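What the coordinates show
The residues making up each chain are set out below.
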Amino acid sequence: MYIDKKNFLKSLANYGDEGPFDHCVIDNFFNTNIAKKLEKEFPSFNSKSWLEYDNALEIKKTCNNWNAFPPLTYQVFNYLNSQEFTSLISKSIFKNKKLFSDIGLNGGGWHIHKSGGKLNPHLDYSLHPKTGLQRKLNIIIYLNSKWKESWGGHLGFWGNESKERPGEIKKKLLPLYNRAILFDTSQNSWHGLPEPVDSPLREYRKSIAVYYLCIPPKNISRRGKALYAPTLDQENDKTVLKLIKERSSVSRARDTYRN
């Protein structure tokens, strides 16, 4: 078995107990031997498998290509997208809401940040560009066993007073090894990296991400791309504001499978 179900369900019992939007933290998510093997299978920063993002809003590399995943990683992504796993989540935190996995890993898969890596506060797409289902939950699991708090890389949660921009930063969650963070993405869930990563050379913030979908409500906003917010030093930068507008365009979302 890949995870300790008892530990997972115990952590899910705390889902939604704290703000600024519903979430929970699951430490020791994978069984120890699985986490170690997944970290070893994680590709090097210079691997040809990566798709690189390097702009004013995000500096990172990602890969959602199933053909690039080594055997155990492939099996784990398959499990995290299985009906067995989605049912565990759904039955624990929702009463009558059916969850669907995104087997295409749109925006998910492997993620890696080097020193200087960044990710502006943003809202994820609300409607999946291929299925039309609502994006409901994110689960992110960190796989960097040597990570130190002084290197930063925290996942930030911002206040959700507005659908146009985030409020104040409310929570910073350290990307500890084998820590999973599950959170609702439909509650004005502004999230990102509060500060750029500050890790030493050849030390990287590594994570895997899987997203879960549900039937959309009738009044859902039809956002097919992530909506970014400028950082404080970017608020009057016309180039950045133009980039944000372009990146959030629904018409562009129809032509791409990445967010």
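This report concerns the structure included in the present document. (Residues numbered from 1 in each chain as written. Predicted model: local features only at pLDDT ≥ 70, side-chain atom pairs only at ≥ 80, totals over all residues. Heavy atoms only, no water.)

1. Describing the packing of aromatic side chains
To keep things clear, this is the line we draw: Side-chain rings of Phe, Tyr and Trp (the six-membered ring for Trp) are treated as a pair once their centres are within 6.5 Å; stacked means planes under 30 degrees apart, edge-to-face means over 60, and tilted covers the remaining angles. The helix count covers DSSP runs of H or I at least four residues long, the strand count covers runs of E at least two residues long, and both are numbered beginning at the N terminus. The cut-offs for exposure are 20% and 50% of the maximum accessible area for each residue type, with area from a 1.4 Å probe on protein chains only; residues under the lower value are buried, those over the upper are exposed, and the others partly exposed.
Applying the stated rule across the entire model yields 20 aromatic pairs. Relative to phenylalanine 183, the ring of phenylalanine 21 lies with its centre 6.0 Å away and its plane at 50°, an arrangement referred to as tilted. On the criterion of sequence distance, the pair formed by phenylalanine 21 in the loop between helix H1 (5–12) and strand E1 (23–26) and phenylalanine 183 in strand E11 (residues 180–184) is long-range, its members being 162 residues apart. The burial state of phenylalanine 21 is the same as that of phenylalanine 183; both residues are buried. The interplanar angle of 55° and the centroid separation of 6.1 Å between the aromatic rings of tryptophan 50 and tryptophan 110 together place this pair among those described as tilted.

2. Regarding the nonpolar core
Rules: Take the buried Ala, Val, Leu, Ile, Met, Phe, Trp, Tyr and Cys residues and link them wherever side-chain atoms come within 4.5 Å; each set so joined is a nonpolar core. Throughout, a residue-residue contact means that at least one pair of heavy atoms, one from each residue, lies within 4.5 Å.
Ranked by internal contacts, the top residues of the largest apolar core, which has 42 residues, are Phe29, Phe30, Leu80, Phe85, Leu182 and Ile208. Residue contributions to this core peak at 5 residues, all from helix H3 (residues 71–80). Not counting the four nearest positions on each side in its chain, phenylalanine 29 is found in contact with Ile3, Asp4, Phe8, Leu80, Phe85, Ile139, Ile141, Asn178 and Ala180. Counting residues in each nonpolar core, the second largest holds 16 residues, with Leu174, Leu193, Val197 and Val240 among its members.

3. Thoughts on the pattern of salt bridges
When their charged atoms lie close together, side chains carrying opposite charge are able to pair. Using the following cut-off: By salt bridge we mean one thing: a side-chain nitrogen of Lys or Arg within 4 Å of a carboxyl oxygen of Asp or Glu.
Tallying each qualifying case throughout the model produces 9 salt bridges. A salt bridge links glutamate 58 to lysine 60; the nearest nitrogen and oxygen atoms lie 3.3 Å apart. Salt-bridge contacts for arginine 247 lead to glutamate 58; the nearest nitrogen and oxygen are separated by 2.5 Å. Of the two residues, arginine 247 sits in helix H5 (residues 238–247) while glutamate 58 sits in strand E3 (residues 58–63), which places them 189 residues apart along the sequence. In this pair, the class of arginine 247 matches that of glutamate 58, namely buried. Each of Glu58, Lys60 and Arg247 takes part in a single network of salt bridges with overlapping partners.

4. Observations regarding the packing of H1 against helix H4 (residues 83–93)
To be explicit about the condition: Whenever a helix is involved, its axis is fitted only over the stretch in contact; in every case the axis is a line through C-alpha atoms, and angles between N-to-C directions fall within 0 to 180 degrees. Helix crossings are classified by the rotation of the near helix relative to the far one: an anticlockwise turn of less than a right angle makes the crossing left-handed, while a clockwise turn makes it right-handed. Ten residue types, Ala, Val, Leu, Ile, Met, Phe, Trp, Tyr, Cys and Pro, are classed as nonpolar, four, Asp, Glu, Lys and Arg, as charged, and the remainder, Gly among them, as polar.
Where H1 meets H4, the closest approach of the two axes is 10 Å, and the angle between their N-to-C directions is 35°. Taken as a pair, H1 and H4 cross one another with a handedness that is right-handed. Packed against H1, whose contacting residues are Lys5, Phe8, Leu9 and Leu12, the element H4 presents Glu84, Phe85, Leu88, Ile89, Ser92 and Ile93 at the interface. Class assignment of the residues belonging to the contact of H1 with H4 gives a composition of 7 nonpolar, 1 polar and 2 charged.

5. Describing unusual backbone geometry
A cis geometry characterises the amide bond from glycine 19 onward to proline 20, with omega recorded as 10°. Locating proline 20 in the fold gives a position in the loop between H1 and E1. In the Ramachandran plot, asparagine 28 falls in the positive-phi region, its phi being about 55° despite a non-glycine side chain. Looking at where asparagine 28 falls in the secondary structure, it is placed in the loop between E1 and helix H2 (32–41). A relative accessible area of 54% means that asparagine 28 is categorised as exposed. Unusually for a residue other than glycine, asparagine 178 sits at a positive phi of about 65°. Residue position: asparagine 178 is located in the loop between strand E10 (169–173) and E11.

6. Structural notes on empty space enclosed by the protein
In plain terms, the rule: Using protein atoms alone on a 1 Å grid, points that fit a 1.4 Å probe yet trap it form a cavity, whereas open point sets bounded by protein on both sides within 12 Å along at least five of seven lines form a pocket; residues with an atom within 4 Å of a point count as lining. Grid points are joined across faces, edges and corners, and a volume is the space filled by probe spheres set on the points.
Inspection of the entire model under this criterion finds 4 cavities of 30 Å³ or more. Approximately 250 Å³ is the volume attributed to the largest cavity. As for the largest cavity, its lining consists of 23 residues, and the residues nearest its centre are Lys60, His111, Leu119, His122 and Tyr211. Every element with two or more residues in the lining of the largest cavity is listed here: E3, strand E5 (109–113), strand E8 (134–142), strand E12 (191–192) and strand E13 (205–214).

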